[in-house]
Amino acid sequence: MSSLASLPQWQALQAHAASLRSVHLRDLFAAAPDRFEKFSRCETNLLFDFSRQRLTEETLTLLLALANARGLRGRIDAMFAGEKINTTENRAVLHTALRNRSDRAITVDGKDVMVEVRASLERMRNFVEGVHGGRIHGATGKSFTDIVNIGIGGSDLGIVMATEALAKFRNRNLRLHCVSNIDGVQLSDTLEKCDPARTLFVVCSKTFTTLETLTNAKLARQWIVDRLGEGAPARHFAAVSTNSKAMDAFLIPPQNRFTMWDWVGGRYSLWSAVGLSIALSLGMDQFELMLEGGFEMDEHFRTASFEKNLPVLMGLLAVWNRNFLGMDSLAVLPYDQRLHRFPAYLQQLQMESNGKSVTLEGAPVEGDTGAVIWGEPGSNAQHSFFELLHQGTARVAMDFLAPVNASSQFQQQQNLALANCFAQMQAFAFGQTEDQIRADLAAKGTAEAEIRRLIPHKLHEGNRPSTLILFPRLGPKTLGRLIALYEHNVFTQSVIWGINAFDQWGVELGKKLADSLAPAVEKADGDGADASLKGLLHQLAKWRS
């Protein structure tokens with residue numbers, strides 16, 4: 001692939017960005033009263049309003065030209081066709097197959113994977129309905145009241161996010177707990193709340209070798225054995241993995257095993273049987289509605305023109321902000337408490353995917369890649385870090401997300417949340433000028449000397465770019481659309497930068513080092529370690545009680 005920096009389209013964007021450097025959003029809105037109509041799209045029941053981004057029609061034209069120059073359409077087609085676009089692992093990338101609701105075949109190595117996908121969904125439904133109806137029960141014959149999902153990363157974050165977002169759809173007879181951290185705190189706290197005779201553990205690990213997951217799973221298994229007997233775990237454990245031999249060793253019975261495929265990355269896996277705990281919590285019908293929402297976004301991404309294509313536009317805006325406006329982070333700000341774990345979910349999706357410094361060809365990238373993703377529900381965030389966004393020196397782009405209809409019974413409170421959301425976007429875009437501050441203070445009878453003293457402190461520069469994603473209400477289909485929107489946005493960015501969004505070798509290195517260091521930490525033995533590590537291990541030995 002051609003050098004990114006040498007492309008005429010890239011160079012044109014650099015020159016264009018320089019020409020916009022001194023242009024304020026106030027000027028852009030004053031020059032175009034129809035700016036909202038030009039820079040918003042309503043597709044798949046989502047309103048995507050990017051009118052408060054620092055761009056013009058020329059910017060959009062240049063970004064679309066860049067997408068074409070980087071072969072984005074061909075790359076989209078290659079992904080959906082099952083080509084092995086994850087080149088470092090020689091794998092197809094087909095999380096989209098997991099939510100394919102059409103009768104279209106999807107082939108990998110000449111094999112239609114949809115046969116196995118549909119079979120997996122049917123097995124999930126049978127298991128979920130068995131647990132809900134009491135046909136599948138614990139070793140003492142009692143039905144399950146608690147589900148404990150044991151996994152980490154993609155086997156945890158999506159499950160937590162989705163079940164929190166869709167909490168009002170939960171089965172009230174089942175409590176879901178998620179255990180990911182290796183320090184033992186989550187597991188200990190969870191087991192204190194659970195009756196072993198009524199607890200089902202779902203172990204999610206693609207390889208069934210992940211240190212954190214296997215450590216927690218082994219402790220949970222022993223907890224069941226100690227209380228219910230050696231044969232009880234067969235009734236109290238299910239597993240999702242590609243590693244049959246490891247599940248054999250763990251004594252997971254065949255009827256409680258669910259498969260994964262190497263063409264699904266962990267951070268894209270909630271659509272697979274990794275979502276079993278989602279389905280147990282919400283019901284299989286709700287889980288399949290999520291799949292339908294994701295499929296709707298897939299079809300939009302696959303077929304819509306780039307001018308109307310929400311994930312493409314979102315990805316191109318991310319490139320514009322990152323590479324041409326110098327925004328090195330993105331704050332995700334949902335104005336719905338149900339989405340409080342959505343920013344954390346997106347952190348893995350975006351930063352693990354696009355946190356890369358080499359191209360597909362193995363050469364150093366020619367510019368910045370993935371932004372830092374962070375965020376909190378908006379109302380709380382207004383009273384914590386919004387001051388930095390308004391008046392600090394950090395360069396931060398923002399995504400606002402909000403439902404029109406309340407996720408609670410209190411619509412009036414959601415109306416207040418929306419008023420705050422819209423007000424913050426206006427403040428970030430337009431700021432507050434010296435004349436506005438002077439007029440406001442003078443109207444309050446403030447003395448002239450005091451006005452002059454306060455003006456520098458009250459000035460709001462504005463010109464902070466943001467996008468709003470507005471939707472009628474938060475439900476399974478909407479959540480599916482939102483997740484798929486961000487997934488395809490990440491892929492779009494990766495195509496522009498020429499990087500692999502589907503491997504994670506940095507994560508793999510950390511796992512390898514942790515495995516090798518575990519015995520030394522256990523013994524607090526620094527023999528053969530470097531000076532710093534030796535000092536840490538010595539301190540462990542000194543403080544360990």
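Residues numbered from 1 in each chain as written. Predicted model: local features only at pLDDT ≥ 70, side-chain atom pairs only at ≥ 80, totals over all residues. Heavy atoms only, no water.

Labelled according to an unreviewed UniProt entry, the protein chain appears under the name Glucose-6-phosphate isomerase, originating from Povalibacter uvarum. The record held by UniProt for the protein chain lists under Sequence similarities (unreviewed entry) the comment "Belongs to the GPI family." According to its UniProt record, the protein chain has this under Subcellular location (unreviewed entry): "Cytoplasm". (UniProt positions renumbered as here; feature names shortened; annotations may be inferred.)

S.K.: Help me understand empty space enclosed by the protein, please; the structure alone is not making it clear to me.
M.R.: Empty space among the atoms becomes visible once a probe the size of a water molecule is rolled across them. Under the counting rule described, the total for this entry stands at five cavities of 30 Å³ or more. Here the largest cavity is characterised by a volume of approximately 260 Å³. Considering the residues around the largest cavity, the lining is formed by 23 residues, among which Met314, Leu317, Ala318, Leu330 and Gln493 are closest to the centre. Where the lining of the largest cavity is concerned, the elements lending two or more residues are helix H14 (310-324), strand S10 (329-334), helix H15 (342-354), strand S12 (396-403) and helix H21 (476-497). Considering every element that reaches the lining of the largest cavity, the biggest residue donor is H14, with five residues. Considering only residue class, the lining of the largest cavity consists of eleven nonpolar, ten polar and two charged. Residue lining of the second largest cavity: twelve residues in total, with Arg75, Leu360, Phe491, Ser494 and Ile499 positioned closest to the centre. Here the lining of the second largest cavity takes three residues from H21, the largest share from any one element. The residue inventory of the lining of the second largest cavity, partitioned by class, reads eight nonpolar, three polar and one charged. (1 Å grid on protein atoms, 1.4 Å probe; cavity = no way out; pocket = protein on both sides within 12 Å on 5 of 7 lines; lining within 4 Å. Points joined across faces, edges and corners; volume = space filled by probe spheres on them. Helix = DSSP H or I, 4+ residues; strand = E, 2+ residues; numbered from the N terminus. Nonpolar A, V, L, I, M, F, W, Y, C, P; charged D, E, K, R; others polar.)

S.K.: Just checking my understanding: could you explain the pairing of S10 for this structure?
M.R.: Along any regular strand the residues' side chains alternate between the sheet's two faces. Most of S10 sits inside the fold, with six of its six residues counted as buried. Alternating positions in S10 separate into two faces, Ser329, Ala331 and Leu333 on one and Leu330, Val332 and Pro334 on the other, with burial throughout. Pairing analysis gives four bridges linking S10 to strand S11 (residues 372-375), with the strands arranged parallel. Among the inter-strand pairings, Ala331 is bridged to a residue of S11, identified as Trp374. At this point the chain moves from S10, through H15, to the parallel S11, and the crossover so formed is right-handed. With six bridges connecting them, S10 and S12 associate as parallel partners. Bridge assignment links Leu333 to a residue of S12, and that residue is Phe400. (Buried < 20%, exposed > 50% of the residue type's maximum accessible area, 1.4 Å probe, protein only. Pairing = 2+ DSSP bridges. Right-handed = clockwise from strand over helix to strand, strands pointing away.)

S.K.: Can you help me understand the sheet that holds strand S1 (residues 40-43) in this one?
M.R.: Strand pairing within a sheet occurs via backbone hydrogen bonds; the two strands may be parallel or antiparallel. Read from one edge to the other, the open sheet built from six strands follows the order S1-S2-S13-S12-S10-S11, with strand pairing classed as mixed. The sheet terminates laterally at S1 and S11, the two strands that pair on one side only. Looking at each pair of strands side by side, their axes are set apart by 15° on average, direction ignored. Summarising the sheet, strand S2 (residues 46-49) and strand S13 (residues 466-471) pair through three bridges and their orientation is antiparallel. Paired with Leu47 across the bridge in S13 is Leu470. (Axes fitted to C-alpha atoms, helices over the stretch in contact; angles between N-to-C directions.)

S.K.: Would you explain a positive patch on the surface in this entry?
M.R.: A cluster of basic side chains, namely Lys168, Arg172, Arg338 and Arg473, defines a positive patch on the protein surface. Inspection of the secondary structure puts Arg338 in the loop between S10 and H15. Assessed through its relative accessible area of 31%, Arg338 is described here as partly exposed. (Patch = residues over 30% accessible without salt bridge, like charges linked within 9 Å, V, L, I, M, F, W, Y side chains within 5 Å. Areas by Shrake-Rupley, 256 points an atom, 1.4 Å probe, with all protein chains shown as cover. Salt bridge = Lys/Arg side-chain N within 4 Å of Asp/Glu carboxyl O. Lys, Arg positive; Asp, Glu negative; His and termini not counted. Charge placed at Lys NZ, Arg CZ, Asp CG, Glu CD.)

S.K.: Would you take a moment to explain the sheet that holds strand S5 (residues 146-150) for this structure?
M.R.: One open sheet accounts for five strands, arranged S6-S5-S7-S8-S9; its pairing is parallel. Edge positions in the open sheet fall to strand S6 (175-179) and strand S9 (257-259), since each of these has one partner strand only. Ignoring which end each strand starts from, the neighbouring axes of this sheet average 15° apart. Strand direction decides the pairing type here: S5 and strand S7 (residues 199-204), joined by five bridges, are parallel. Bridge pairing links Ile150 to Val203 in S7. Across the sheet, helix H8 (residues 185-193) is in contact with S5, S6 and S7; its angle to S6 comes to roughly 160°. (Contact = heavy atoms within 4.5 Å.)

S.K.: Please clarify how the packing of aromatic side chains should be interpreted in this entry.
M.R.: Pairs of aromatic rings are described using the distance from one ring centre to the other and the angle between the two planes. The tally for this structure, following the rule as stated, stands at 21 aromatic pairs. Aromatic pair Phe80 and Phe301: ring centres 6.4 Å apart, planes at 50°, arrangement tilted. Residue Phe80 is located in helix H5 (residues 72-80), and its partner Phe301 is located in helix H13 (residues 284-303); the two are separated by 221 residues in the primary sequence. Judged on exposure class, the residue Phe80 and its partner Phe301 are both buried. Among the aromatic residues, those joined into a cluster by ring pairs are Tyr335, Trp374, Phe385, Phe386, Phe400 and Phe428. One cation-aromatic arrangement involves Arg221 over Phe250; the distance from NZ or CZ to the ring centre is 5.9 Å. (Phe/Tyr/Trp six-rings, centres within 6.5 Å; stacked < 30°, edge-to-face > 60°. Lys NZ or Arg CZ within 6 Å of the ring centre and 35° of its normal.)

S.K.: Please clarify how unusual backbone geometry should be interpreted in this entry.
M.R.: Backbone phi values are negative for most residues with the exception of glycine, while trans is the configuration of most peptide bonds. The phi angle at Asn45 is positive, at roughly 65°, despite the residue not being glycine. For Asn45, a relative accessible area of 47% gives the class partly exposed. Backbone geometry places Ala524, a non-glycine residue, at a positive phi of 50°. Turning to its location among the elements, Ala524 is positioned in the loop between helix H22 (505-523) and helix H23 (531-543).

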